[in-house]
Amino acid sequence: MIDRRIFLKSSGLALVGGSLLPNVFVKMANAATTKGSKTLVAIFQRGAVDGLNVIVPFGEKAYYDARPTIAVPRPGVEGGAIDLDGFFGLHPSLASLTPYFKDHSAAFVHAVGSPDATRSHFDAQDFMESGTPGVKSTEDGFLSRAVGMKKETPVSPLRAVALSPALPRILAGSAGAVAMTNLSQFGIRGAANVSSGFESMYAEAVAGTLGGTAKESFEAARILKSADPQKLQPENGAVYPNGPLGNSLRQIAQLIKSNVGLEVAFADVSGWDTHAGEGGAQGQLANNLRNFSDAIAAFTRDLGSRMGDVVLVTMSEFGRTVRENGNRGTDHGHANVMLLLGGGVKGGKVYGKWPGLSSQQLYENRDLAITTDFRDVFSELLTKQLAVPSLKSVFPGYDTSPSKWKGILA
Amino acid sequence: MNHAPKLLAGLIALAFLTGFTTSDSKLNDRQRALHALNRLAFGPRPGEVDVIMKTGVDTWIEQQLHPEGIPDRAVEARVAALPTMMLSNAQIVKTYYEPVLLARKQANAEAKNGDVDKKDVRRELMRDVPANQRPQVVMNELVAQRILRAAESDRQLNEVMVDFWMNHFNVFSGKGIDRFLLTSYERDVIRPHIWGRFEDLLMATAKSPAMLFYLDNARSMAAPENRPAMQQQRGFGGRFGFGRRAMMQRPQFQGKEGGLNENYAREIMELHTLGVDAGYTQKDVTELARVLTGWSISRERDGSGEGAAFVFRPQMHDAGTKTVLGIRFAPGGGIEEGERMIHVLAHQPATAHRIAYKLCQRLVADEPPPALVDRVAKKFLATDGDLRQTVRAVIESPEFWDPASYRAKVKSPFEYTISAVRAVNAQITDPAPIARALQQIGEPLYGAQPPTGYSDKADVWINTGALMNRLNFALSLASNKLPGVHGDVVALIPAGQAADASHSVEALALALTGGNLTEETRNTIKSRIVERKAPSEDPWDNTQLPTVAGLILGSPEFQRQ
C-alpha cells in the first residue's frame with residue numbers, strides 16, 4: 001500500500017514540475033506520531049564510494065575522457081544517468097531516490113569532503129568521524145560530542161544508537177551511545193535475578209569503559225523491552241532490500257516509531273572500495289548503489305509522515321580518482337558527494353561549488369577538489385535538526401559560523 | 001603563575017589513562033602464572049595455574065617460545081581430520097569453487113534460452129552438489145581449526161601469535177575467491193614464518209595469492225607505454241592470473257589493456273611495515289605499485305604448475321625507471337625490484353617501531369609505554385627482525401610483569417570466548433556455535449573487511465550490544481546450551497566443597513578464573529543466586545552451579561586479562 005499523502009503530493013509535484021513547491025515532508029513535520037522530537041540518521045559508506053559515478057557530472061566532457069569504460073552515459077541513452085539539473089545526473093541504480101529529489105525532499109552536496117590529504121581509508125575515516133581532520137589525538141567522535149552538548153533531562157540511553165557490532169568512532173565518547181545489531185536480541189536471556197546480578201556486579205566495582213558501558217546496556221535493555229519496537233512492521237508498503245543497510249534502516253525506523261528518545265542513529269555500509277571492475281551503469285558499483293538506494297527509499301516510505309522530523313545524511317571517507325585505473329576501477333581520491341533527505345531539507349538541488357574536472361582543476365592532478373568542508377554541512381545539520389546549542393567543541397578549532405553554511409536546511 | 005602542579009597532575013592523570021603507574025609491588029607467583037596464561041595463552045584451563053606454578057612460569061614461557069618442541073598430537077589429529085586442511089589452493093579451487101562456476105555458467109546459458117531465472121537455476125544446480133563439496137565447507141573448516149587450536153592446543157603462545165599475525169596481515173574472506181585461498185594462507189604463509197625473520201614473513205605474504213587478490217596486486221600491470229616492448233600485443237591479457245580472468249572474459253573488456261593498481265603498494269607501507277606517519281608520499285605509493293607490477297597469481301594453463309600460486313609475469317611488469325623512498329630502479333628490471341623493496345621496508349626503523357608497538361599493545365597494554373616500545377624496536381633491528389627474540393623482549397620486560405599490567409587489558413571477543421570455553425574445560429564436538437558467538441560479539445574470524453584488521457584496544461570492543469552478547473554467551477556456555485560445546489561445571493568443584501553455597505561460589509570462581517573475584521562480585525553472586533531462596537527451602541543444591549558459573553564468566557573480572 002502506498003502512503004496516500006506522499007503519493008498525492010508526489011504526483012501533484014510531478015504535474016507542476018515541482019520547482020516552486022517546498023519539500024513534501026515539511027508540512028508533515030511535528031506530526032503527532034513523533035511528538036516533535038527530531039532524529040538525525042547518518043550513514044557511512046565505508047571504503048570510499050565513487051561519488052563521480054553517484055552524482056554524475058554528465059555535462060563535463062572531461063568526465064567521459066577520464067573514464068573510457070566506467071563512465072555512466074549521458075541521460076537519454078540506455079543506462080544513462082537520470083537528469084537532475086541539466087549538468088548532474090543520478091546513477092541509474094539510484095532510481096528509487098529520484099522521486100525524493102523531484103519532490104524536493106532530497107538534496108546532494110558535491111565536491112564535499114574532509115580537507116586532509118590522506119588517502120588512507122583508516123585515517124580518513126578516523127578524521128571524518130572524530131570531526132578533526134589532521135588531528136589524530138582526538139579521543140571521541142563528533143556526533144557523540146554533539147549529542148553531549150544537549151543538556152536534556154532525563155537523557156534517554158537510546159538517544160544515540162549505532163546499528164553495528166562495534167561502536168563506531170563517530171559515536172565514541174561520553175554521550176553513551178549504544179551499539180547493537182539486532183533489537184530483538186538486546187538484553188540478558190535468563191531469569192530476572194541473573195540480569196540483576198550482572199547489573200549490580202558491574203555497578204559495584206567497575207570504573208571506566210566496562211562499568212559505564214554496562215550501566216547504559218542495562219538501561220537500554222529495559223527501555224527496549226517495554227517499548228518492544230521489533231514488533232512494528234514496515235508501513236506504507238515499504239519493502240527493505242536484503243542486506244546489512246536495509247536491515248539497519250528497518251530497525252532504525254522501528255526505534256523512531258517507538259519514541260524511545262532516539263536523536264542520532266548511525267549505520268554503516270561497506271563494499272565501495274572499487275579498485276577493480278567497478279562497472280558503469282551496470283556492474284559492481286551499480287549493484288551496491290541499487291541496494292543502497294532501495295534501502296533508503298524503503299526507510300523513507302516506511303516512516304511516511306514521520307520523515308518530517310527526520311533527516312538522513314550520507315558520508316564517505318574520500319572520493320575516488322577521476323581517471324579510471326588499469327583495472328576498470330578507481331583508486332583513492334579526494335572530494336566526494338553527500339545525500340541529505342528528509343524534513344527541513346531544501347531539496348531538488350545539487351549544492352556546492354563545482355570545481356571542474358579538467359587536469360588543472362584537479363586536486364593533485366588526479367582527484368576531484370574539495371569546495372565544501374563536510375563540517376560545514378554538519379554544522380548546519382546539527383544546529384537546525386538537532387538544535388545543538390554550540391558547535392565550538394563539536395568541531396574544535398574550526399570556523400562553524402552560519403555564514404559558511406550552504407542553506408541546505410530550512 | 002606556576003604551572004608545575006597542574007602539569008604534574010596532568011602527567012599523573014595521563015599515566016592513569018594509559019594504565020601505567022609503575023609500582024613498587026610485585027606480582028606474586030600465582031598472579032604471575034595467571035598473567036602469563038591470560039596474555040600468552042587463551043586463559044587457564046581448570047587447575048592450569050597450579051600446574052604452571054609447579055613447572056615454573058619461566059620454564060613454561062621458554063617452552064611456549066619454542067612451539068616446535070611441544071608435541072601437540074591430539075589437536076593436530078583433530079585438525080587433520082578436516083579434509084580441506086591438507087589441500088593446496090588449486091585443489092580447493094578445483095573441488096569447491098568449480099561447481100560454483102559451472103552452475104553459474106549453466107545458469108547463464110539456460111537463462112539465455114528461456115524465461116527461467118538465473119538465480120533459481122543456480123540454486124537448483126548447487127543443491128545437487130554433495131554437502132561436503134559445497135563452497136562454504138572451506139571456510140567452515142578453517143574457522144573450526146582456528147577455534148580448536150586456540151582452545152585445545154598446548155602451543156598456546158603460538159596460537160596467540162597466529163591470531164596476531166593473521167590480523168596484522170589481514171585478508172578478508174568475504175572478498176571474492178579469498179575464501180578459497182585463506183586455508184593455504186594461514187597454513188603455508190603465516191604459521192611457518194611467525195617465529196622467524198619479519199622479512200621472510202612479509203615476503204611470504206607479498207607472494208601469497210590470498211594477499212595478492214585481496215589488495216588487488218594480482219591484476220595490477222604497467223601502463224601500456226611502460227610494458228616491455230615485445231609484449232605489447234593484443235590477446236595476451238587473457239592468460240593473466242585469476243583476478244584478471246573473470247574480467248577479461250567479459251565481452252566489454254576483450255582486448256582492452258589493464259593498468260596500475262596502487263591498493264597493495266599503499267597498504268604494505270601504511271599497515272604492514274612503515275605506518276601511515278612514516279613520511280612516504282603519494283608518489284612513493286604509485287612508484288612502489290609500479291615496482292610490484294607483475295606479482296600475480298598463476299593459472300593452470302600457464303603450464304608451470306597446478307595454478308593458484310604466486311607467479312611473476314614479466315609482461316605485466318613496469319619496465320620504466322622508478323624511484324621509491326629515494327631508491328632508484330633503472331629500466332629493464334624484474335621481480336628483484338619488488339624483493340629489494342620488501343627487504344628495505346622490512347628493515348626500516350619505522351617498521352621496527354610499528355611492529356614493536358603493535359606487539360606491546362597486544363601483549364602488555366592498550367597504550368604501551370613508549371620506553372618499552374623503543375626497547376623492543378631496538379631488539380627487532382638488532383636481531384634482523386627475529387620475531388622470536390622480539391616477542392621475548394616484550395615478555396621479559398619489567399613492564400609486562402608490572403602489577404599495572406595485571407588484568408589491565410579487556411579481552412577481545414576471540415580471547416573472551418575461547419578463554420570461557422577453556423575455563424569450563426568444554427569438549428568441543430562442533431565449533432560452529434563458538435564461531436556464531438564471535439560474530440555476535442563483533443569479531444567474526446577471517447571477517448575483518450578493511451586491511452587494518454581488528455583493533456587491539458578495549459574501547460573498540462566494549463560497547464553496549466557487544467557486552468550483552470558476551471554475557472549471554474557466558475550464560476549459554478555455562479548452562480550447556482551451546483550444542484556441540486559441552487562443559488560440566490559441577491565436575492569442576494572438588495567433592496565436598498559444593499555442599500554449601502558460600503564455598504561453592506569460591507571454589508567455582510577459583511576453578512574458572514584461576515584467581516580471585518573481587519569481594520563485590522562474590523557478594524553479588526551470593527546474594528542474587530544463593531540467598532534468594534526462602535529459609536524453608538533446601539539451603540543449597542548443585543543445580544544452581546551453572547547459573548553461578550555463567551555469572552562468573554560474565555563478570556567484570558573475567559572480561560579482563
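It should be emphasised that the depicted structure is a prediction, and the values quoted were computed from it without experimental measurement. (Residues numbered from 1 in each chain as written. Chains lettered and ligands numbered in written order. Predicted model: local features only at pLDDT ≥ 70, side-chain atom pairs only at ≥ 80, totals over all residues.)

Trainee: Sorry, what's going on with the overall build of chain B here?
Mentor: Secondary structure summary: chain B contains 28 helices and 6 strands in total. Scored against the burial criterion, the 561 residues of chain B give a buried share of 48%. Once local pairs closer than 6 in sequence are excluded, the contacts in chain B between residues at least 24 apart make up 72%. (Helix = DSSP H or I, 4+ residues; strand = E, 2+ residues; numbered from the N terminus. Buried ≥ 20, exposed ≤ 12 C-beta atoms within 10 Å, placed from the backbone. Contact = placed C-beta atoms within 7 Å.)

Trainee: Explain the overall build of chain A to me, please; I cannot follow it from the model alone.
Mentor: Each helix and strand counted, chain A has 10 helices and 12 strands in total. Here chain A holds 410 residues, and the buried ones make up 60% of them. Across chain A, the fraction of contacts at a sequence separation of at least 24, relative to all contacts at a separation of at least 6, is 75%.

Trainee: How do you make sense of the environment of valine 548 of chain B when you look at a structure like this?
Mentor: Residues and elements named next belong to chain B. When you line up the elements, valine 548 lands in helix H27 (residues 545-554). The buried category is assigned to valine 548, around which 25 C-beta atoms lie within 10 Å. When the C-alpha positions of valine 548 and valine 489 are compared, they lie 9.5 Å apart, and in sequence the two are 59 residues distant. Each residue touching valine 548, except ones within four places of it in the same chain, is listed here: Ser504, Val505, Leu508, Ile525 and Ile529.

Trainee: It is not clear to me how H27 of chain B should be interpreted in this structure. Could you clarify?
Mentor: Note: α-helices contain 3.6 residues per turn, so residues at a spacing of three or four share the same orientation. H27 of chain B sits mainly inside the fold: 10 of its 10 residues count as buried. Among all positions in H27 of chain B, only Leu545, Pro546, Thr547, Val548, Ala549, Gly550, Leu551, Ile552, Leu553 and Gly554 of chain B are buried.

Trainee: So what exactly am I meant to see when it comes to the packing of helix H6 (residues 89-113) of chain B against helix H7 (residues 118-127) of chain B here?
Mentor: Geometrically, a packed helix pair is captured by the angle between its two axes and the distance between the axes. All names here are of chain B. Between H6 and H7, the least distance of the axes is 8 Å, while the angle of their chain directions is 140°. In terms of orientation, H6 lies oblique with respect to H7. Along this stretch, H6 crosses H7, giving a crossing that reads as right-handed. Taken together, the residues of H7 that come into contact with H6 (itself represented by Ala103, Arg104, Gln106, Ala107, Asn108, Glu110 and Ala111) are Lys118, Val121, Arg122, Leu125 and Met126. Here the residues of the contact of H6 with H7 are counted per class, giving 6 nonpolar, 2 polar and 4 charged. (Axes fitted to C-alpha atoms, helices over the stretch in contact; angles between N-to-C directions. Parallel < 35°, antiparallel > 145°, perpendicular 65-115°, else oblique. Left-handed = near helix turned anticlockwise from the far one by under 90°. Nonpolar A, V, L, I, M, F, W, Y, C, P; charged D, E, K, R; others polar.)

Trainee: Hey, could you run me through the interface of chain A and chain B in this one?
Mentor: Accessible area lost upon the coming together of the parts serves often as the stated size of an interface. Listed by partner, the interface residues are 48 residues for chain A and 52 residues for chain B. Among the secondary structure elements, those contributing two or more residues to the side of chain A that touches chain B are helix H4 (121-130), strand E7 (178-179), helix H6 (192-205) and helix H7 (208-227) of chain A. The biggest single contributor to the side of chain A that touches chain B is H6 of chain A, with 10 residues. Here the residues of the side of chain A that touches chain B are counted per class, giving 21 nonpolar, 19 polar and 8 charged.

Trainee: How should the sheet that holds strand E4 (residues 89-90) of chain A be read in this particular structure?
Mentor: The strands making up a sheet associate through backbone hydrogen bonding, with each pair oriented either parallel or antiparallel. All names here are of chain A. The sheet built from 3 strands is open, its strands ordered E2-E4-E3 with antiparallel pairing. Two strands lie at the open edges of the sheet, namely strand E2 (55-56) and strand E3 (82-83), each paired on one side alone. The sheet contact formed by E3 and E4 spans 2 bridges and is antiparallel. When the sheet's bridge partners are listed, aspartate 83 is paired in E4 with glycine 89. (Pairing = 2+ DSSP bridges.)

Trainee: Sorry, what's going on with helix H18 (residues 370-382) of chain B here?
Mentor: Residue and element names in this part refer to chain B. Between the first and last C-alpha of H18 there are 18 Å, a value that for 13 residues agrees with the 18 Å anticipated at 1.5 Å per step. Of the residues making up H18, those classed as buried are Leu372, Val373, Val376, Ala377, Lys379 and Phe380. Axial view of H18: buried residues confined to an arc of 155°, hence all on one face. Looking at the packing, one finds that the buried side of H18 touches helix H17 (349-363), helix H19 (387-395) and helix H20 (398-401). One or two residues past the end of H18 sits aspartate 384, with phi positive at roughly 60°. (Expected span 1.5 Å × (residues − 1). Arc of directions from axis to C-beta.)

Trainee: Help me out: how do you make sense of the packing of helix H8 (residues 136-152) of chain B against helix H10 (residues 178-190) of chain B in this one?
Mentor: All names here are of chain B. Contact geometry of H8 with H10 gives a least axis separation of 8 Å together with a crossing angle of 35°. Crossing geometry of H8 relative to H10 is assigned as left-handed. Facing H8, whose interface residues are Val138, Met139 and Leu142, H10 presents Arg179, Phe180, Leu182, Thr183 and Glu186. Partitioned by chemical class, the residues of the contact of H8 with H10 number 5 nonpolar, 1 polar and 2 charged.

Trainee: What exactly am I supposed to notice about the environment of arginine 189 of chain A here?
Mentor: Looking at the element boundaries, arginine 189 of chain A is found in the loop between E7 and H6. Between the alpha carbons of arginine 189 of chain A and arginine 250 of chain A there is a distance of 23 Å; along the sequence they are 61 residues apart. Excluding its chain neighbours within four sequence positions, the residues that come into contact with arginine 189 of chain A are Asn472 and Leu475 of chain B.

Trainee: How should I be thinking about the pairing of strand E1 (residues 39-45) of chain A in this particular structure?
Mentor: Where a strand is regular, its side chains alternate between the two sheet faces. Residues and elements named next belong to chain A. For E1, a buried count of 7 out of 7 residues is recorded, marking the element as mostly surrounded by other parts of the structure. Alternating positions in E1 separate into two faces, Thr39, Val41, Ile43 and Gln45 on one and Leu40, Ala42 and Phe44 on the other, with burial throughout. Here E1 runs beside strand E9 (residues 310-315); their pairing, made up of 6 bridges, is parallel. Within E9, the residue paired with isoleucine 43 across the bridge is threonine 314. Bridge count for E1 against strand E8 (residues 264-269) is 6 bridges, and the pairing is parallel. Note that in E8 the partner of leucine 40 across the bridge is valine 264.

Trainee: How should the nonpolar core be read in this particular structure?
Mentor: Within soluble globular proteins, side chains that are nonpolar tend to cluster in buried spots. Within the largest apolar cluster, 261 residues are counted, with the highest numbers of intra-cluster contacts made by Leu477, Leu508 and Ile552 of chain B. Not counting the four nearest positions on each side in its chain, leucine 477 of chain B is found in contact with Ala420, Val421, Val424, Ala426, Leu482, Val485, Gly487 and Leu553 of chain B. (Core = buried A, V, L, I, M, F, W, Y, C linked by C-beta atoms within 7 Å.)

Trainee: Can you walk me through the environment of valine 291 of chain B in this structure?
Mentor: Residues and elements named next belong to chain B. Residue placement: valine 291 occurs in helix H15 (residues 282-291). It is 8.9 Å that separates the C-alpha atoms of valine 291 and glycine 333, two residues lying 42 residues apart in sequence. Excluding residues that lie within four positions of it along the chain, valine 291 makes contacts with Lys322, Val324, Phe329, Glu337, Gly338 and Met341.

Trainee: Can you help me understand the confidence of the model for chain B in this one?
Mentor: If pLDDT is low for a region, its predicted coordinates should not be looked at in detail. Residue and element names in this part refer to chain B. The share of residues in chain B with pLDDT of 70 or more is 88%, and the mean pLDDT across the chain is 87. In the model, residues 1-19 has pLDDT below 50 throughout and makes 10 contacts with residues more than four positions away in sequence or in other chains. Across residues 230-257, where pLDDT falls below 50, the model places 43 contacts with residues more than four positions away in sequence or in other chains. Per the prediction output, this complex has pTM 0.81; the corresponding ipTM is 0.80. (pLDDT = per-residue confidence, 0-100.)

Trainee: Any chance you could explain the pairing of strand E10 (residues 336-342) of chain A here in plain terms?
Mentor: Residue and element names in this part refer to chain A. Taking burial as the measure, the 7 residues of E10 include 7 buried ones, the bulk of the element. With burial as the criterion, each face of E10 is covered, one bearing Asn336, Met338, Leu340 and Gly342 and the other bearing Val337, Leu339 and Leu341. With 3 bridges connecting them, E9 and E10 associate as antiparallel partners. Residue pairing for E10: valine 311 is matched across the bridge by glycine 342.

Trainee: Which parts of the structure should I look at to understand unusual backbone geometry?
Mentor: Of note, the phi angle at asparagine 365 of chain A is positive, near 55°, even though the residue is not glycine. Given 10 C-beta atoms within 10 Å, asparagine 365 of chain A falls into the exposed group. Look at aspartate 216 of chain B: it is not a glycine, yet its phi comes out positive at around 70°. Structurally, aspartate 216 of chain B can be placed in the loop between helix H12 (209-214) and helix H13 (242-249). Taking the C-beta count within 10 Å as the criterion, aspartate 216 of chain B has 25 such neighbours and is therefore assigned buried.

Trainee: Where do I start with the confidence of the model for chain A in this structure?
Mentor: Summarising the model, chain A shows a mean pLDDT of 88, and 89% of its residues fall at 70 or more. Confidence drops under a pLDDT of 50 for residues 1-21 of chain A, and excluding neighbours within four residues, the segment shows 27 contacts in the predicted structure.

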